[in-house]
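Per-entry structural report
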Amino acid sequence: MERNVKDKLILTGISGSAEMSKIYFAPMEGITTPVYRKVHKKYYSGVDRYFSPFIVVTSTHNLKKRETREYIPFEENMTPQILTSGGGDFAWAAKMLKGLGYREVNLNLGCPAATVVTKGKGAGLLRDKDKLRRFFEDTFSESDLPDISIKTRCGFVYHDEAEELAEIFADYPFKEIIVHPRVREEFYQGTPDLKSFDIIKSKVKCPVVYNGDIFDVHSLKECLEKEDGVMLGRGLLRNPMLAEGKEFDVKDGRIEDFLDELYDGYIRIMSGERDVLFKLKELWTYLITGFPGRDEDYKRLMKASTGTEYKAAVRRIVE
Ligand SMILES: Cc1cc2nc3c(=O)[nH]c(=O)nc-3n(C[C@H](O)[C@H](O)[C@H](O)COP(=O)(O)O)c2cc1C
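The following refers to the structure shown. (Residues numbered from 1 in each chain as written. Predicted model: local features only at pLDDT ≥ 70, side-chain atom pairs only at ≥ 80, totals over all residues. Heavy atoms only, no water.)

What follows concerns the nonpolar core. Counting residues in hydrophobic clusters, the biggest one holds 91 residues, and the most contacted among them are Phe-136, Phe-169, Leu-259, Leu-262, Trp-284 and Tyr-310. When we break this core down by domain, the ones giving at least three residues each are domain 1 (5–248) and domain 2 (251–318). The residues touching Phe-136, leaving out its near neighbours within four places in the chain, are Leu-107, Leu-109, Ile-168, Phe-169, Tyr-172 and Phe-174. (Core = buried A, V, L, I, M, F, W, Y, C linked by side-chain atoms within 4.5 Å. Buried < 20%, exposed > 50% of the residue type's maximum accessible area, 1.4 Å probe, protein only. Domains from an automatic or database assignment. Contact = heavy atoms within 4.5 Å.)

Written out as structure tokens, the structure is:
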């Protein structure tokens, strides 16, 4: 059995216990689908918990079929994430998911997209602090909720919003808070603001998990030493073995089977090769960082219009 980065930290005395150093796979809309999660779990280890990309819940409580596939059938070690503008609607979804066996449900307070924010969802909920409080009042006035965690940015426009946000968060019984320390206006630009992260950590009463720009083993280890846990997004897309404490190495031999199985998994559930290629090409925008000097083959991969062309391009890149 492969030792993962946490076992190594514990063995070397850097980390005290597995409890202290959880590794989560971030929700990535359109990429970390049930197919991706299943195949990643099969080939790579080290991730304690996966999160579904956001599931949109509106006041009608009618979920699109595409969205229900995120959480049906039940998936072990997966926390479904909800994107909604109403605390009552969130509580409804959380209880519905609890009924399906999910012990924890996560609320998205980070999505920066204009179409989301203008509807008062995602990072849009961070803009008006009174509304945010009302959201949580409406949520926690319900009984029979599962554990609730949140994934948040540290402000809407300014980093010094972190303090007020933390005071609000501290008033509610969250199981855990995952903080991506950028404000909404930054989207994914600039560097994460560790000061805002520490302010939130110092004021809330539950475990706080760090998320943002952890792309290599060194930064991962540093983060695991300091924090309750770390959530990895683009780092794991670029290097699917990052949670094992290993830099990407094509010679490790798993990547080709991993990609083949992803392709097969998508072909089974999507309507045609074009859609499958579109999905896999998006993943390749991250994976390609592990293959320096393969620009020509990468261009060919991006131009592939059939599964055969795509697979031939993949073989050239990984061989
Ligand atoms: C393509 C893409 C899709 C994302 N989808 C979601 C999502 O569905 N829910 C969410 O909370 N965050 C989402 N995020 C944000 C990531 O979960 C994560 O917070 C962000 O990428 C920063 O972490 P990283 O630097 O480790 O990638 C998305 C980010 C990207 C780039």
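Okay, back to it.
With that settled, consider the sheet that holds strand E4 (residues 104–109). The 8 strands lie next to each other as E1-E2-E3-E4-E5-E6-E7-E8, forming a closed barrel whose pairing is parallel. For this sheet the average axis-to-axis angle between neighbouring strands, irrespective of direction, equals 25°. Together, strand E1 (22–25), strand E7 (208–211) and strand E8 (229–232) form the strand contacts of helix H9 (residues 217–226), whose direction differs from that of E8 by roughly 145°. (Pairing = 2+ DSSP bridges. Helix = DSSP H or I, 4+ residues; strand = E, 2+ residues; numbered from the N terminus. Axes fitted to C-alpha atoms, helices over the stretch in contact; angles between N-to-C directions.)

A few words now on the pairing of E4. Of all 6 residues making up E4, 6 are buried, and the element is well covered by its neighbours. Covered by surrounding structure in E4 are Glu-104, Asn-106 and Asn-108 together with Val-105, Leu-107 and Leu-109, the residues of both alternating faces. Bridge count between strand E3 (residues 78–83) and E4: 2 bridges; the pairing is parallel. Looking at E4, one finds that Ile-82 is bridged to Leu-107. Handedness of the crossover joining E3 and E4 through helix H4 (residues 87–99): right-handed. (Right-handed = clockwise from strand over helix to strand, strands pointing away.)

Positionally, Asn-239 belongs in the loop between helix H10 (234–238) and helix H11 (255–269). Taking the relative accessible area as the measure of exposure, Asn-239 reaches 4% and is therefore buried. Within the structure, the side chain of Asn-239 is placed 2.8 Å from the backbone oxygen of Lys-246, a separation counted as a polar contact. Among residues more than four places away in sequence, those in contact with Asn-239 are Lys-246, Glu-247 and Phe-248. (Polar contact = N/O pair within 3.5 Å; in protein donor to acceptor, adjacent residues only side chain to side chain.)

For the rest of this paragraph, the subject is empty space enclosed by the protein. Scanning the entire structure with this criterion turns up 1 cavity of 30 Å³ or more. Around the largest cavity sit Gly-30, Ile-31, Tyr-36, Leu-262, Tyr-266, Lys-279, Leu-280 and Leu-283, which together line it. Of all the secondary-structure elements, those providing two or more residues to the lining of the largest cavity are H11 and helix H12 (273–287). The dominant element in the lining of the largest cavity, judged by the number of residues it contributes, is H12, at 3 residues. Of the residues that constitute the lining of the largest cavity, the class distribution is 6 nonpolar, 1 polar and 1 charged. Formed jointly, the lining of the largest cavity draws a minimum of three residues from each of two domains, domain 1 (5–248) and domain 2 (251–318). (1 Å grid on protein atoms, 1.4 Å probe; cavity = no way out; pocket = protein on both sides within 12 Å on 5 of 7 lines; lining within 4 Å. Points joined across faces, edges and corners; volume = space filled by probe spheres on them. Nonpolar A, V, L, I, M, F, W, Y, C, P; charged D, E, K, R; others polar.)

This paragraph deals with the pairing of E8. Within a regular strand, the side chains alternate between the two sheet faces. Burial of the side chains of E8 extends over both faces: Gly-229 and Met-231 are buried on one face and Val-230 and Leu-232 on the other. As paired strands, E1 and E8 are joined by 4 bridges and run parallel to one another. The residue of E8 that forms the bridge with Ile-23 is Val-230. Note that the unit made of E7, H9 and E8 has a crossover that is right-handed.

It is worth spelling out the layout of surface pockets at this point. Considering only enclosed or pocket space, the largest pocket measures out at about 970 Å³ in volume. Lining the largest pocket are 34 residues, with Thr-33, Pro-34, Arg-69, Glu-70 and Ile-269 sitting closest to its centre. Among the elements that line the lining of the largest pocket, the one with the most residues is helix H2 (residues 34–43), at 7 residues. For the lining of the largest pocket, the residue count by class is 14 nonpolar, 5 polar and 15 charged. Two domains each provide a minimum of three residues to the lining of the largest pocket, namely domain 1 (5–248) and domain 2 (251–318). Its volume calculated, the second largest pocket comes out at about 610 Å³. Lining the second largest pocket are 32 residues, and of these Pro-27, Met-28, Glu-29, Lys-151 and Tyr-188 lie nearest its centre. Looking at the lining of the second largest pocket, the elements that each hand over two or more residues are strand E2 (49–56), helix H5 (114–117), strand E5 (147–153), E8, H10 and H12. Counting residues per element, the lining of the second largest pocket draws most heavily on E5, which supplies 3 residues.

Moving on: the site of the ligand. The full set close to the ligand counts 18 residues, and Pro-27, Glu-29, Asn-211, Asp-213 and Arg-234 are the nearest of them. Glu-29 places a polar main-chain atom, nitrogen or oxygen, 2.7 Å from a nitrogen atom of the ligand. Between the ligand and the protein, one listed contact pairs an oxygen atom with a backbone N or O atom of Phe-54 at 3.1 Å. Its free accessible area being 610 Å², the ligand has 90% of it covered by the protein chains. (Near = heavy atom within 4 Å. Areas by Shrake-Rupley, 256 points an atom, 1.4 Å probe, with all protein chains shown as cover.)

Along the polypeptide, Thr-32 turns up in the loop between E1 and H2. Overall, the relative accessible area of 2% leaves Thr-32 in the buried class. Looking at Thr-32, its side chain comes within polar contact range of the main-chain nitrogen of Met-28, at 2.9 Å. Contacts of Thr-32, omitting those with residues within four sequence positions, involve Phe-25, Ala-26, Pro-27, Arg-37, Phe-51, Pro-53 and Leu-237.

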